[in-house]
Protein chains: 2
Amino acid sequence: MYEIFQKYLDDKTTLTQAESDYIQSFAIIKKLRKKQYLLQEGDIWKYDAFITKGCLRTYSVDEKGSEHVNSFSIENWWTGDRESLLYQQPSRFNIDAVEDSELVLFTHDNFELLCKEVPAFNAMVNAILQKSFIAAQNRIQASLSFTAEEKYLNFINKYPGFALRIPQTMIASYLGMTPETLSRIRKQTAKK
Amino acid sequence: MYEIFQKYLDDKTTLTQAESDYIQSFAIIKKLRKKQYLLQEGDIWKYDAFITKGCLRTYSVDEKGSEHVNSFSIENWWTGDRESLLYQQPSRFNIDAVEDSELVLFTHDNFELLCKEVPAFNAMVNAILQKSFIAAQNRIQASLSFTAEEKYLNFINKYPGFALRIPQTMIASYLGMTPETLSRIRKQTAKK
DNA sequence: GTAAAAACTTGATATAGATCAAGTGTTTTG
DNA sequence: CAAAACACTTGATCTATATCAAGTTTTTAC
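Residues numbered from 1 in each chain as written. Chains lettered and ligands numbered in written order. Predicted model: local features only at pLDDT ≥ 70, side-chain atom pairs only at ≥ 80, totals over all residues. Heavy atoms only, no water.

A.B. asks: Honestly, the overall build of chain A in this entry has me stumped. Any pointers?
C.D. replies: When helices and strands are counted, chain A shows 9 helices and 8 strands. For 192 residues, the compact-globule formula gives about 16 Å, and the C-alpha radius of gyration of chain A, at 18 Å, lands near that figure. Its C-alpha atoms give chain A principal-axis dimensions of about 55 × 35 × 30 Å. In chain A, which comprises 192 residues, the share counted as buried stands at 47%. Excluding contacts between residues fewer than 6 apart, the proportion of contacts in chain A whose partners are at least 24 apart in sequence is 70%. Element-wise, carbon and sulfur atoms account for 51% of the exposed surface of chain A, whose accessible area totals about 9700 Å². Here chain A holds 24 positive side-chain charges and 24 negative ones, and the gap between their average locations is 9 Å. (Helix = DSSP H or I, 4+ residues; strand = E, 2+ residues; numbered from the N terminus. Rg over C-alpha atoms; globule rule 2.2 N^0.38 Å. Buried < 20%, exposed > 50% of the residue type's maximum accessible area, 1.4 Å probe, protein only. Contact = heavy atoms within 4.5 Å. Areas by Shrake-Rupley, 256 points an atom, 1.4 Å probe, with all protein chains shown as cover. Lys, Arg positive; Asp, Glu negative; His and termini not counted. Charge placed at Lys NZ, Arg CZ, Asp CG, Glu CD.)

See the structure below:
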C-alpha cells in the first residue's frame, strides 16, 4: 500500500529518487480492522500517520460517557493527536477505524528528521498544517453560526461521500447533535 | 513599540544581529483605535500581524446580521485571516480592535522571504501554527462537549484576564451563547 | 459635565433540539 | 443461519438556552 503514499508525495512535492527512498526507508505499514484502535485515551501519541485506505475517527468521551467526534480522516489524509505528540502528554482522544484501513506511519523522531533533511517534505508538512488550521477555523465558525440543519447541509456539501461511509450516529456526534435530531433533519431535507 | 516584538523574538528564537536587523527592516508599525478595523469582510488579507499592545477580535456576520466571534488576540500573539491569505480570496471575517492597539505588520511576501532566509524564524512560525491548530482543536472539543456553564468556566480558566478586558457580549458570542445567558451564568457561578 | 449610546441585568415566554421510549431494519458473529 | 448487537426511525415529552422586553448602570463623546 506504500504506492498510494508515494503517489501522494509525487503529487504534493518534487523529490529526488534518493529523497523518495530515504522517506520510504522510515515508513511503517499498519493495517487496522474496523473498530480497532490506533490510539486510546491516556496513551502518548508518537507518530505521524497517513491513511492509504479506509476511514478513521478521532473522538473523546466525557464524564457522562458520551462520545464526541472531533474529526474523521479518510485515505490521502493524515491523522493523530498533535497535542499529545507536541507535548508528549497522555491523549484525551481515541482514534479508531470506521472501516478496515491501512496506514503509513512514521515515528515522530524520524518524521522530524525527514522534515530537517528534506526541505520539500518540510514544506509539504507546513502546507498541510496550514490547511488543517483553516479547516478547524471553518468548523468553529460553522458550530457558532449554523443551525442543526445548516450544519448537516454544510457537512454533506463539504464532504460528499462521507455520509455514505460513516454511520449517522457518528456524523450526528461530529455535528454536535443527537442521532434522533439528525434522523429528523434528513427526513425533512429529503422531502425538499 | 518594536521592542516588544524584539523581546518576543529573543524569547522564542536565537538570531544573529544581522538576522534581527533583517527582520526589523521589514516591520511596519500600525496603531489602531478602539473599534477600528484591521480587516473587513470582502477584503483580501495580505499580512502577518503581531500584536504588541491591545486586543483584537475576529468575527463573522451571518445573513441575519448576527455577529459571531471566532477569536480574540491580545499582545504577544498573532492575528489575521489565514484562509484569505493562503488562497488570496476575499475574507469572510472582520477583524477590529477591542481596545486601542499596536501591531507589527509584515507583508506576506516579506514574511515568506524571512521564513526562507532565516531558518530560526521559520521554525518559530511553524511552532506557532502547531499551537494555533491545537488551540482550535480544543475549542472544537469544548463546543461539542460542554454546556454553556462549562464553556464559560473553561474560558475564564484558560484565559483569565480576558473577561476583564472584553465586553461580555463579545465573550458570549465567542462561547456560542446569548449575552443574557452569559449574564445569568455569571450570576449563578458568582454565588458558589 | 451631561446627553446619548452601549453594556448589562432581570423577568416572562418561546423553541430548537435533547431525552426517553418503543419499534423496525440491518449487520455481525459464533 | 440464528440471535445478538447495532443502526435507524418515529412519537411524546422535557429542558437548556433563545428571544423579547423593560429597566439600570456604565461608557462615550461633544
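Having seen the structure, we can now continue with the description.
A.B. asks: Hey, could you run me through the sheet that holds strand 3 (residues 47-53) of chain A in this one?
C.D. replies: Within a sheet, adjacent strands bond to each other through the backbone by hydrogen bonds, running parallel or antiparallel. Residues and elements named next belong to chain A. Judged by pairing direction, the sheet is antiparallel, and its 4 strands sit side by side in the order 1-8-3-6 without closing on themselves. Whereas interior strands pair on both sides, the edge strands pair on one side only; in this sheet they are strand 1 (28-32) and strand 6 (77-79). For this sheet, the mean inter-axis angle between neighbouring strands, taken without regard to orientation, is 35°. (Pairing = 2+ DSSP bridges. Axes fitted to C-alpha atoms, helices over the stretch in contact; angles between N-to-C directions.)

A.B. asks: For this particular structure, what's the right way to read the interface of chain A and chain B?
C.D. replies: Interfaces are often sized by the accessible area lost when the parts come together. With 34 residues of chain A at the contact, the number on the chain B side is 35 residues. A buried area of about 3100 Å², summed over both sides, lies between chain A and chain B, and 59% of it is on carbon and sulfur atoms. The largest per-residue losses of area from chain A upon contact with chain B belong to Phe133, Gln141 and Leu144 of chain A, which jointly make up 20% of the total buried on that side. Counting across the interface, chain A meets chain B through 0 salt bridges. There are 14 residue pairs in polar contact (both at pLDDT 80 or more) connecting chain A and chain B. (Buried area = accessible area lost by both parts, 1.4 Å probe. Salt bridge = Lys/Arg side-chain N within 4 Å of Asp/Glu carboxyl O. Polar contact = N/O pair within 3.5 Å; in protein donor to acceptor, adjacent residues only side chain to side chain.)

A.B. asks: What exactly am I supposed to notice about the protein's contact with DNA strand D here?
C.D. replies: Taken together, the neighbourhood of DNA strand D is formed by 16 residues, with Ser183, Arg184 and Lys187 of chain A together with Lys34 and Thr181 of chain B sitting nearest. In the model, a base nitrogen of DNA strand D is placed 3.1 Å from a nitrogen or oxygen of the Glu180 of chain B side chain. Counting only elements with at least two residues in the surface near DNA strand D, the list comes to helix 8 (168-175) and helix 9 (179-191) of chain A together with helix 9 (179-191) of chain B. Of the residues belonging to the surface near DNA strand D, the class tally is 3 nonpolar, 7 polar and 6 charged. (Near = heavy atom within 4 Å. Nonpolar A, V, L, I, M, F, W, Y, C, P; charged D, E, K, R; others polar.)

A.B. asks: Looking at this structure, how should I read the protein's contact with DNA strand C?
C.D. replies: Around DNA strand C, the surrounding shell holds 16 residues, and the nearest of these are Lys34, Ala148 and Thr181 of chain A together with Ser183 and Arg184 of chain B. Counting only the atoms of DNA strand C within 4 Å of the protein, the fraction contributed by sugar and phosphate is 63%. One of the side-chain nitrogen or oxygen atoms of Thr178 of chain A is found 3.0 Å away from a phosphate oxygen of DNA strand C. Residue Thr181 of chain A places a side-chain N or O atom 2.4 Å away from a phosphate oxygen belonging to DNA strand C.

A.B. asks: Help me out: how do you make sense of the environment of Gln137 of chain B in this one?
C.D. replies: The residue Gln137 of chain B is located in helix 5 (residues 119-145) in this model. Those residues within four positions of Gln137 of chain B in sequence are excluded, and the remaining contacts are Asn70 and Ala136 of chain A.

A.B. asks: Explanation requested: the relation of the copies chain A and chain B in the structure shown.
C.D. replies: In this structure, two copies of a chain are linked by a rotation about an axis accompanied by a shift along it. For the match of chain A to chain B, the screw axis carries a shift of 0.0 Å, the RMSD comes to 0.0 Å, and the turn is 180°. Taken together, the rotation and translation describe the operation of a two-fold axis. No C-alpha of chain A lies nearer the rotation axis than that of Phe133 of chain A, which sits 2.5 Å from it. (Least-squares fit on C-alpha atoms with pLDDT ≥ 70 in both.)

A.B. asks: Got a minute to help me understand the side chain of Asp48 of chain A in this structure?
C.D. replies: All names here are of chain A. The topology assignment puts Asp48 in strand 3. Here Asp48 occupies a buried position and makes no salt bridge, while the nearest side chain of opposite charge, Arg82, is found at 5.3 Å. Of note is the side chain of Asp48, whose polar atom sits 2.7 Å from the side chain of His108.

A.B. asks: So what exactly am I meant to see when it comes to the pattern of salt bridges here?
C.D. replies: Two side chains with opposite charge may pair up if their charged atoms get near one another. Residues and elements named next belong to chain B. Tallied over the entire structure, the rule returns 12 salt bridges over all chains. One salt bridge connects Lys31 with Glu102, and the closest N-O pair in it is separated by 3.6 Å. With Lys31 in strand 1 (residues 28-32) and Glu102 in strand 8 (residues 101-107), the pair connects residues that are 71 residues apart, well separated along the chain. When its relative accessible area of 58% is taken as the criterion, Lys31 is described as exposed. For Glu102, a relative accessible area of 9% gives the class buried. The salt bridge involving Arg165 is made with Glu75; its shortest N-O contact spans 2.8 Å. With Arg165 in helix 7 (residues 162-165) and Glu75 in the loop between strand 5 (67-74) and strand 6 (77-79), the pair connects residues that are 90 residues apart, well separated along the chain.

A.B. asks: Quick question: what am I supposed to make of the sheet that holds strand 6 of chain B here?
C.D. replies: All names here are of chain B. If you walk across this open sheet you meet the 4 strands as 1-8-3-6, and the pairing is antiparallel. Each having just a single partner strand, strand 1 and strand 6 make up the two edges of the open sheet. Mean inter-strand twist for the sheet, computed between neighbouring axes without regard to direction, equals 35°. Both strand 1 and strand 8 contribute to a ladder of 5 bridges, which runs antiparallel. By the bridge assignment, Lys31 is partnered in strand 8 with Glu102. Relative to strand 3 (residues 47-53), helix 1 (residues 2-12) is tilted by about 105°, and along the sheet it contacts strand 1, strand 3, strand 6 and strand 8.

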